[in-house]
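Each chain is listed here by its residues.
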Amino acid sequence: MWTVDVDQDLVNGAEENLAAAGTSNVTVVLADGAAGLPDHAPFDRIQFTVGAGDVPVKVLGQLAPGGRLVIPMRIRGSVSRSFAFERDGDTWKTVWPT
(Lines give C-alpha, C1' and ligand atoms only; values in the text may rest on other atoms or scores of the structure.)
Protein backbone atom coordinates (compact mmCIF):
# COMPACT_ATOMS: atom_id res chain seq x y z
CA MET A 1 0.00 0.00 0.00
CA TRP A 2 1.00 3.58 -0.61
CA THR A 3 -0.01 6.94 0.76
CA VAL A 4 0.87 10.16 -1.06
CA ASP A 5 1.09 13.80 0.01
CA VAL A 6 2.69 16.98 -1.36
CA ASP A 7 3.64 18.30 2.09
CA GLN A 8 6.96 17.04 3.47
CA ASP A 9 5.85 17.64 7.08
CA LEU A 10 2.77 15.44 6.56
CA VAL A 11 4.90 12.76 4.89
CA ASN A 12 7.31 12.80 7.83
CA GLY A 13 4.43 12.63 10.31
CA ALA A 14 2.81 9.76 8.45
CA GLU A 15 6.07 7.80 8.45
CA GLU A 16 6.52 8.40 12.19
CA ASN A 17 2.92 7.47 13.03
CA LEU A 18 2.96 4.34 10.88
CA ALA A 19 6.23 3.22 12.49
CA ALA A 20 4.85 3.92 15.99
CA ALA A 21 1.79 1.82 15.14
CA GLY A 22 4.01 -1.03 13.94
CA THR A 23 2.68 -0.76 10.40
CA SER A 24 5.21 -1.94 7.85
CA ASN A 25 3.08 -2.52 4.74
CA VAL A 26 2.53 1.17 3.82
CA THR A 27 5.01 3.26 1.84
CA VAL A 28 4.74 7.03 2.24
CA VAL A 29 5.54 9.02 -0.91
CA LEU A 30 6.16 12.76 -1.36
CA ALA A 31 4.28 13.51 -4.59
CA ASP A 32 1.15 15.07 -6.07
CA GLY A 33 -1.72 12.65 -5.46
CA ALA A 34 -3.61 14.04 -8.47
CA ALA A 35 -0.97 12.38 -10.66
CA GLY A 36 -1.30 9.08 -8.82
CA LEU A 37 1.54 6.59 -8.78
CA PRO A 38 1.72 5.29 -12.35
CA ASP A 39 4.85 3.22 -11.66
CA HIS A 40 2.88 1.11 -9.16
CA ALA A 41 -0.45 0.89 -11.04
CA PRO A 42 -2.87 -0.71 -11.54
CA PHE A 43 -4.68 -0.36 -8.21
CA ASP A 44 -7.80 -2.13 -7.00
CA ARG A 45 -8.73 0.83 -4.81
CA ILE A 46 -7.73 4.49 -4.71
CA GLN A 47 -8.95 6.58 -1.76
CA PHE A 48 -8.52 10.35 -1.70
CA THR A 49 -8.71 12.06 1.68
CA VAL A 50 -8.66 15.61 0.36
CA GLY A 51 -11.52 17.32 -1.45
CA ALA A 52 -11.38 17.89 -5.17
CA GLY A 53 -13.32 20.00 -7.62
CA ASP A 54 -13.02 17.34 -10.30
CA VAL A 55 -11.90 13.73 -10.74
CA PRO A 56 -8.16 13.52 -11.53
CA VAL A 57 -8.26 11.82 -14.94
CA LYS A 58 -4.69 10.48 -14.64
CA VAL A 59 -5.76 8.52 -11.57
CA LEU A 60 -8.75 6.91 -13.30
CA GLY A 61 -6.35 5.33 -15.80
CA GLN A 62 -4.44 3.74 -12.91
CA LEU A 63 -7.39 1.68 -11.67
CA ALA A 64 -7.40 -2.04 -12.36
CA PRO A 65 -10.45 -3.54 -14.10
CA GLY A 66 -13.19 -3.56 -11.47
CA GLY A 67 -11.25 -1.00 -9.42
CA ARG A 68 -12.89 1.75 -7.42
CA LEU A 69 -11.95 5.38 -6.81
CA VAL A 70 -13.40 7.09 -3.72
CA ILE A 71 -12.99 10.86 -3.55
CA PRO A 72 -14.59 13.71 -1.59
CA MET A 73 -15.79 16.30 -4.11
CA ARG A 74 -16.88 19.88 -3.62
CA ILE A 75 -20.33 20.06 -5.13
CA ARG A 76 -21.62 23.45 -3.98
CA GLY A 77 -19.29 26.01 -2.47
CA SER A 78 -17.90 24.45 0.66
CA VAL A 79 -20.27 21.45 0.59
CA SER A 80 -18.46 18.18 -0.04
CA ARG A 81 -19.68 14.62 -0.49
CA SER A 82 -17.67 11.47 -1.07
CA PHE A 83 -18.30 9.64 -4.31
CA ALA A 84 -17.15 6.23 -5.46
CA PHE A 85 -16.50 5.68 -9.17
CA GLU A 86 -16.27 2.39 -11.05
CA ARG A 87 -15.83 1.68 -14.75
CA ASP A 88 -19.00 0.74 -16.63
CA GLY A 89 -17.78 -0.23 -20.10
CA ASP A 90 -16.25 2.89 -21.61
CA THR A 91 -17.77 5.24 -19.04
CA TRP A 92 -17.56 5.81 -15.31
CA LYS A 93 -20.48 5.56 -12.92
CA THR A 94 -20.89 6.54 -9.30
CA VAL A 95 -21.62 3.81 -6.79
CA TRP A 96 -22.10 3.86 -3.04
CA PRO A 97 -18.86 3.13 -1.20
CA THR A 98 -18.77 -0.25 0.50
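These remarks concern the structure in this document. (Residues numbered from 1 in each chain as written. Predicted model: local features only at pLDDT ≥ 70, side-chain atom pairs only at ≥ 80, totals over all residues. Heavy atoms only, no water.)

## Some thoughts on the packing of aromatic side chains
Now for step 1: In the structure shown here, the tally under the stated rule is 2 aromatic pairs.
Now for step 2: Judged by centre distance (5.8 Å) and plane angle (75°), the rings of Trp2 and Phe43 are edge-to-face. With Trp2 in strand E1 (residues 2-5) and Phe43 in strand E3 (residues 43-47), this pair connects stretches of sequence that are 41 residues apart.
Now for step 3: The exposure class of Phe43 is buried, given its relative accessible area of 12%.
Now for step 4: Arranged with centres 6.5 Å apart and planes meeting at 40°, the rings of Phe83 and Phe85 form a pair that is tilted. (Phe/Tyr/Trp six-rings, centres within 6.5 Å; stacked < 30°, edge-to-face > 60°. Helix = DSSP H or I, 4+ residues; strand = E, 2+ residues; numbered from the N terminus. Buried < 20%, exposed > 50% of the residue type's maximum accessible area, 1.4 Å probe, protein only.)

## A look at unusual backbone geometry
Now for step 1: Note the cis peptide between Ala41 and Pro42, where omega equals 10°.
Now for step 2: Tracing the backbone shows Pro42 in the loop between strand E2 (27-30) and E3.

## Concerning the pattern of salt bridges
Now for step 1: As enumerated under the stated definition, the model contains 1 salt bridge in all.
Now for step 2: Between Arg68 and Glu86 there is a salt bridge, with its nearest N and O atoms 2.5 Å apart. Of this pair, Arg68 sits in strand E4 (residues 63-76) while Glu86 is found in strand E5 (residues 79-88), placing the two residues 18 residues apart along the sequence.
Now for step 3: Residue class for Glu86 comes out buried when judged on its relative accessible area of 17%. (Salt bridge = Lys/Arg side-chain N within 4 Å of Asp/Glu carboxyl O.)

## Regarding the layout of surface pockets
Now for step 1: Approximately 760 Å³ is the volume found for the largest pocket.
Now for step 2: Along the walls of the largest pocket sit 26 residues, with Trp2, Thr3, Val4, Gln47 and Phe48 positioned nearest its centre.
Now for step 3: Broken down by secondary-structure element, the contributors of at least two residues to the lining of the largest pocket are E1 and E3.
Now for step 4: Considering each element in turn, the lining of the largest pocket owes the most residues, 5 residues, to E3. (1 Å grid on protein atoms, 1.4 Å probe; cavity = no way out; pocket = protein on both sides within 12 Å on 5 of 7 lines; lining within 4 Å. Points joined across faces, edges and corners; volume = space filled by probe spheres on them.)

## Quick word on the pairing of E5
Now for step 1: Here E4 pairs with E5 via 8 bridges, running antiparallel. Among the inter-strand pairings, Arg76 is bridged to a residue of E5, identified as Val79.
Now for step 2: Here E4 folds back onto E5, and the loop between the two strands holds 2 residues, one of which, Gly77, carries a positive phi near 60°.
Now for step 3: Pairing of E5 with strand E6 (residues 91-95) involves 5 bridges; the strand directions are antiparallel. Directly across from Glu86, in E6, lies its bridge partner Lys93.
Now for step 4: Counted along the chain from E5 to the antiparallel partner E6, the turn is 2 residues long, and its residue Gly89 has a positive phi close to 70°. (Pairing = 2+ DSSP bridges.)

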